[in-house]
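Okay, here's what each chain looks like letter by letter:
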Amino acid sequence: MTRRPPLRQAAAGTIIAILAVLVLAADQLAKYLALENLPYQEPVEVLGDFLSFYLTRNPGAAFSLGEEVTWIFTIALAVVAVVIGWLAATRVRSRLWAVTLGLLLGGVLGNLTDRLFRDPGFGVGHVVDFINTPWMWFFPGMSPAIYNVADIFIVCDMIAIALLVLVGVHMDGTRDNDRKEENESAGDETLLGAEGDQFASGGTVEGFGDEFPVADPDAGIPAAERGLPPLSEGEQRAVEAEAEREAEEYEAGREPGHDNGRSGSGAQL
C-alpha cells in the first residue's frame, strides 16, 4: 500500500488553526447556553446517575485543586497554546498530528478564554463547568469532577498524543518503520558513498587522511598503452580471438606462438 506523502507545513498549520477555532467556538457556545439556561449549582438530571448538568465556576484545576493560584493555570494554558502554535509552524507535517494538535489547541484556548475574560478579572477568571458524570473519577472523600467541552477535548487529545508516540508516528509524517528502512539502506553504502568511487584517482577517502587511498585506475596497464583511446569493437573482438587461440595452445601443451618442434623437422629413423 502506498503511503501518502507528508503534508506541507502550511497545510498542517491550516488544519490545526481551523480545528482549534471550531473547538473554541463549540466550547464557548456550550458555556453560553449553560449560563443562560441552567440554575447555578443545582443538579439537572439528563440520564439519571449517568449524566447530569451542574453549573458552577471553577477557579482551580480538576477537582477544584489550586483555587488560590488561578494565575498559574492561566500561564500554563498560555504556554501550551504557544508551544502548539510553534510546532504547527515548524514541525508538524503529519495529518494525524495536525488533527490531534488542532483539537487540543481548541480545548486549551476554550479554558484560556475563560481565564482571561470571565469574572473576577483578567488572568484570574473562573472556568465555566457544567457537565457532571458521577460515575467517573470518583474517589472517597473527593467530589465528582465537573467539566466542560474544552476539558473533554484536552483529555481525549492527550490520550491520542500518547497513542501516536507509542505506535511510532512522528510529527514530520514519518513512522518508526520508515526510519528503520532508511537506516538499513544507508548501512549498505560504502565509505565511498552510494554511487561507489566518487573520488579522483590518487585521492583519499574524505575524513580518513591517507589511511584509505583510492586505487590508481591505470595500475596494471603498460606505460606505453596508458592514455591510448579505447579499442574499437572490431579490435576488441580480434584481441579476444587471439587470447582464446593462445589459451587453446596452452591447454594443448604448446607455448603460444610455437609448434614444439612438430613441424619442419621430419620423422627420424
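Remember, predicted model here, so these are calculated numbers, not experimental data. (Residues numbered from 1 in each chain as written. Predicted model: local features only at pLDDT ≥ 70, side-chain atom pairs only at ≥ 80, totals over all residues. Heavy atoms only, no water.)

Peer 1: For unusual backbone geometry, give the residues involved together with the corresponding values.
Peer 2: Cis geometry is adopted by the peptide bond preceding Pro120, which originates at Asp119 and carries an omega value of 15°. Relative to the assigned elements, Pro120 resides in the loop between α3 (95–117) and β3 (127–132). Of note in the backbone geometry, Gln41 takes a positive phi value of approximately 55° without being a glycine. (Helix = DSSP H or I, 4+ residues; strand = E, 2+ residues; numbered from the N terminus.)

Peer 1: Can you tell me about the environment of Pro39, naming the residues and giving the values?
Peer 2: Considering the arrangement of structural elements, one finds Pro39 in the loop between α1 (9–37) and β1 (44–45). A residue is classified by how much of its surface remains accessible, and Pro39, at 31% relative accessible area, is partly exposed. When the C-alpha positions of Pro39 and Tyr54 are compared, they lie 8.0 Å apart, and in sequence the two are 15 residues distant. If we ignore the near neighbours within four places in the chain, the residues touching Pro39 are Val44 and Leu55. (Buried < 20%, exposed > 50% of the residue type's maximum accessible area, 1.4 Å probe, protein only. Contact = heavy atoms within 4.5 Å.)

Peer 1: Now, about the packing of helix α2 (residues 70–90) against α3: what can you tell me, with residues and values included?
Peer 2: The N-to-C vectors of α2 and α3 enclose an angle of 150°; their axes lie 9 Å apart at closest approach. Looking at the two axes, α2 sits roughly antiparallel to α3. Where α2 crosses over α3, the handedness of that crossing is left-handed. Seen from α2, the contacting residues are Thr70, Phe73, Thr74, Leu77, Ala78, Val80, Ala81, Ile84 and Leu87; seen from α3, they are Leu101, Leu104, Leu105, Val108, Leu109, Asn111, Leu112, Arg115 and Leu116. (Axes fitted to C-alpha atoms, helices over the stretch in contact; angles between N-to-C directions. Parallel < 35°, antiparallel > 145°, perpendicular 65-115°, else oblique. Left-handed = near helix turned anticlockwise from the far one by under 90°.)

Peer 1: Could you give me a rundown of the sheet that holds strand β4 (residues 146–147), with the residues and numbers involved?
Peer 2: The strands making up a sheet associate through backbone hydrogen bonding, with each pair oriented either parallel or antiparallel. As summarised here, the arrangement of the four strands in space is β1-β2-β3-β4, forming an open sheet in which the pairing is antiparallel. Looking at the sheet topology across the chains shown, the edges are occupied by β1 and β4. Bridge analysis of strand β2 (residues 52–58) against β3 gives five bridges, and the strand direction is antiparallel. Among the inter-strand pairings, Phe53 is bridged to a residue of β3, identified as Ile131. Of the strands in this sheet, β3 and β4 are in contact with helix α4 (residues 149–166), which crosses β3 at around 80°. (Pairing = 2+ DSSP bridges.)

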